[in-house]
Amino acid sequence: MDAPLVIVGTGFAGYALLRALRQRDRHREVHLIGADEAAAYSKDQLPAGLAHRRDADELVIATAEQMAYRFEATITPHRRVLAIDPASRTLRTDSPAQAEQAWSQLVLATGADSVRPANVRGSAAASVLTVGSLAEYAYLRSELAGRGRVAVVGGSIRGCELAESLKRGGCEVTLLEPDPRLLGGSVPALCAERIAAALTAAGVRIRIEDGVQRIDQGMHELHVTTLGGKPLAVDVVVAAQGTRPRVQLARAAGLDVAAGIVVDAAMRTSAGTIHALGGCAEFEGRVFELGEDIEAGAQVLADVLAGHGARMRWKARVRRLNLECCAVAICEPPPGAGEWYESATARGVRALFHDRAGALRGFALVGDPAGESGSLLGRVAR
Ligand SMILES: Cc1cc2nc3c(=O)[nH]c(=O)nc-3n(C[C@H](O)[C@H](O)[C@H](O)COP(=O)(O)OP(=O)(O)OC[C@H]3O[C@@H](n4cnc5c(N)ncnc54)[C@H](O)[C@@H]3O)c2cc1C
């Protein structure tokens, strides 16, 4: 019997691909392996879950067993893939009972790790939490039981969403951002200022140009010393400083890796029989971050694995931030030369990014202008 198609990863990308495969072929043998509980859930619901104090179980859309039944696949949770061998088309896992697994085609959908603040000293430096998975969400919720002073480190999109959600969930929140403004790489200055003002009005304490220098364990709390030397007493420190693609398996197997596992327009890695999708993968110099792009990649890959020609193309997308305090819609411009033009009124900020030829390539809208994102998207050149 032929070896199955194996997908390493049971997150958003792994399950998006499984669904796309089943739309085309109900019979092909597919095996998914996940290092975690392999439950289907949506990470974009984690901030709202914190705001509404939901248990992790309440965020599960389907368990591994339910997904296996619904999509007629073998799903193995709590199993970590340790190595892949493109030459023999096998992989090795941490299971003593079934260490080796053969595959006919392999898809790496291993996602990304949360970045932790570097060079933090102190007796509780290792206590920094992240919210990159359901298990981490559950752990943060347990750490917050009966306590509520939180330092969020990193004013990224996720950091701002997390800070506001925790505040809405009843916590006292301080947001520390080492750079001179929030959302540094994603929006220009006036937009960032307006978002910071809205978060402040919502009760989030923001410290710009400050980060964490050390964390020491006190009797009942954590003593944070900021980079600016200020003391801060909190119960929990959460990092939200972005993510880094999980590329270790691919790198050890000799596949091309840049920031992520490099794939071509057919989602194929430098080893022809291995594909990659989701937060671990990089196409045309960009890592997959948005659910819509991962979904598009899954459709392409399902066609390719079914023997049809299909090609991945980046599309202009609107990212709507999960913030209650103000509406924010961002269409991130592609890398390349250009300039932001911002205009602000009392009702909001509109920032348009034009390239050197004058073409609209992206935008950021805060407040009332966020309602124009649909019509503006149609004018963005790609
Ligand atoms: C708090 C938060 C909020 C977000 N909000 C949004 C949003 O609003 N909109 C949006 O578009 N995106 C959002 N995202 C991003 C989006 O969730 C990710 O892009 C998406 O989850 C990536 O899917 P993935 O399958 O690549 O990775 P993951 O969902 O992380 O899945 C990775 C899988 O790989 C498995 N794995 C890893 N290594 C191994 C191994 N060695 N062996 C076996 N299994 C392994 C893991 O167990 C897991 O099953 C958010 C992310 C977070 C963390």
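Keep in mind that what you see is a predicted model, and the values were worked out from it rather than measured.

Student: Which parts of the structure should I look at to understand the domain arrangement of the protein?
Tutor: Quite often, the size of an interface is put as the accessible area lost when its parts meet. Annotation of the protein at the domain level lists domain 1 (5-113 + 243-305), domain 2 (116-239) and domain 3 (327-377). With centres defined by C-alpha atoms, the gap from domain 2 to domain 3 works out at 28 Å. Taken together, the contact pairs 9 residues of domain 2 with 14 residues of domain 3. Here domain 2 and domain 3 share an interface that buries about 900 Å² over both sides, 73% of which is from carbon and sulfur atoms. Counting the surface domain 2 buries against domain 3, the share from its top three residues, Pro188, Leu190 and Arg194, is 52%. For the interface between domain 2 and domain 3, the tally reads 0 salt bridges.

Student: Whenever I open this one, the pattern of salt bridges confuses me. Can you help?
Tutor: Between side chains of opposite charge, a pair can form as their charged atoms come close. Following the criterion strictly, the structure yields 15 salt bridges and no others. Residue aspartate 113 pairs with arginine 246 through a salt bridge whose shortest N-O separation is 2.8 Å. Pair noted here: aspartate 113 is in strand E10 (residues 112-114) and arginine 246 is in the loop between strand E18 (243-245) and helix H7 (248-252), with a separation of 133 residues, a long-range link. Here arginine 246 falls in the partly exposed class, since its relative accessible area comes to 32%. Here aspartate 264 and arginine 268 are joined by a salt bridge, their closest N and O atoms 3.1 Å apart. The exposure class assigned to arginine 268 is partly exposed, which follows from its relative accessible area of 34%. Counted as one network, the salt bridges with shared partners bring together Arg149, Glu221 and Asp235.

Student: Would you mind going over the packing of helix H1 (residues 12-24) against helix H3 (residues 64-71) with me for this structure?
Tutor: Each packed pair of helices is defined by two parameters, the angle between the axes and the distance between the axes. Put simply, H1 and H3 touch, their axes get as near as 11 Å, and they point 20 degrees apart. When the axis of H1 is compared with that of H3, the two are roughly parallel. Of the two elements, H1 crosses H3, and the hand of that crossing is left-handed. Here Tyr15, Leu18, Arg19 and Arg22 of H1 come into contact with H3, specifically with Ala64, Met67 and Phe71. Class assignment for the residues of the contact of H1 with H3 results in 5 nonpolar, no polar and 2 charged.

Here is what the cut-offs are and how they apply
Residues numbered from 1 in each chain as written. Predicted model: local features only at pLDDT ≥ 70, side-chain atom pairs only at ≥ 80, totals over all residues. Heavy atoms only, no water. Domains from an automatic or database assignment. Contact = heavy atoms within 4.5 Å. Buried area = accessible area lost by both parts, 1.4 Å probe. Salt bridge = Lys/Arg side-chain N within 4 Å of Asp/Glu carboxyl O. Helix = DSSP H or I, 4+ residues; strand = E, 2+ residues; numbered from the N terminus. Buried < 20%, exposed > 50% of the residue type's maximum accessible area, 1.4 Å probe, protein only. Axes fitted to C-alpha atoms, helices over the stretch in contact; angles between N-to-C directions. Parallel < 35°, antiparallel > 145°, perpendicular 65-115°, else oblique. Left-handed = near helix turned anticlockwise from the far one by under 90°. Nonpolar A, V, L, I, M, F, W, Y, C, P; charged D, E, K, R; others polar.

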